[in-house]
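Okay, here's what each chain looks like letter by letter:
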Amino acid sequence: EEGFKVLKVYKTPENLIAISRKSDSEKNLNLKHKFKIDKFIENFERNKNNIKKNIKSYISKNKKIIFWGGGGFAVAAEYLYSVKSNLIEYIVDTDKKKHNMIFISNNLRIFNPNKILKTNPNLIIITSYYYQEIIKTIKKFNLKINILTIFPKVKLYKNNK
C-alpha cells in the first residue's frame, strides 16, 4: 500500500482485489480503501486463528484429519491458512478425474469419498466452495465425523450421529 493510491477495491468472499496506481505521497491514499484492506487482513487473521484453534485438539490426540476438496482451495488451506499437510491423511473429491492423483507440493493423494467409510476419520476439513453439498453427503455416511468449514466462515460442526 505504501507509495500507491488505491483507486478501487473489489471484495468477494475469497478475494480482495485492489486497483491502485503509484502515487507521489502517502497523502493520496484513500482512507476508505485503506480501511477495507485493513478489515480484510483482520478477518483473514481471525479465520486463520479459528482454524488453528479448531484443529488443535485433533492434532494433540493423533486423530485422523482429511480434506474434502482436491482443488486450489486445498492448496490455499495449506499455504494461506497454515494447515500443515503432514497433519492430513488424504484428500477426497467427488470428481472422478481427480481420483488417485497426487498433489505435487505435499504428496497427498486424492480418493473417492467412499474411502471415508473404510478409514473413519475424526475431522473433515472442507476445502471446497460447495460446502453445503458436501455436508449433506457426509451426513449420508451416517458416521461420527466432525466437519470444519473454512468458507464462507470458519465453523465446526460436531456430528455425534
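As the structure is a computational prediction, the values presented were derived from the model and not from experiment.

Looking along the chain, the bond that leaves phenylalanine 151 and enters proline 152 is cis, with omega of 0 degrees. With respect to the element layout, proline 152 can be found in the loop between strand S7 (146-149) and strand S8 (155-157). You will see that asparagine 107, though not glycine, has its phi angle at about 60 degrees, which is positive. Looking at where asparagine 107 falls in the secondary structure, it is placed in the loop between strand S4 (88-92) and strand S5 (110-111).

One finds Ile116 and Ile125 to be the most contacted residues of the largest nonpolar core, which totals 36 residues. Those elements giving two or more residues to this core turn out to be helix H1 (31-60), strand S3 (65-68), helix H2 (72-79), S4, strand S6 (123-126), helix H4 (131-140) and S7. Once you skip the residues sitting within four places of it in the chain, isoleucine 125 turns out to touch Ile55, Ile65, Ile66, Phe67, Trp68, Val83, Ile88, Leu148 and Ile150.

Detailed reading of the predicted model is not advised wherever pLDDT is low. Residues of the protein chain with pLDDT of at least 70 account for 89%, and the chain-wide mean is 87. Element-level mean pLDDT values for the protein chain span from 80 in strand S2 (residues 16-22) up to 98 in S5.

A word on the pairing of S6. Successive side chains on a regular strand alternate, one facing one side of the sheet and the next facing the other. Of the two faces of S6, the one holding Leu123 and Ile125 and the one holding Ile124 and Ile126 are both buried throughout. Taken together, the four bridges between S3 and S6 define a ladder with parallel strand orientation. Directly across from tryptophan 68, in S6, lies its bridge partner isoleucine 126. Handedness of the crossover joining S6 and S7 through H4 is recorded here as right-handed.

Reading the values: rules and limits
Residues numbered from 1 in each chain as written. Predicted model: local features only at pLDDT ≥ 70, side-chain atom pairs only at ≥ 80, totals over all residues. Heavy atoms only, no water. Helix = DSSP H or I, 4+ residues; strand = E, 2+ residues; numbered from the N terminus. Core = buried A, V, L, I, M, F, W, Y, C linked by side-chain atoms within 4.5 Å. Buried < 20%, exposed > 50% of the residue type's maximum accessible area, 1.4 Å probe, protein only. Contact = heavy atoms within 4.5 Å. pLDDT = per-residue confidence, 0-100. Pairing = 2+ DSSP bridges. Right-handed = clockwise from strand over helix to strand, strands pointing away.

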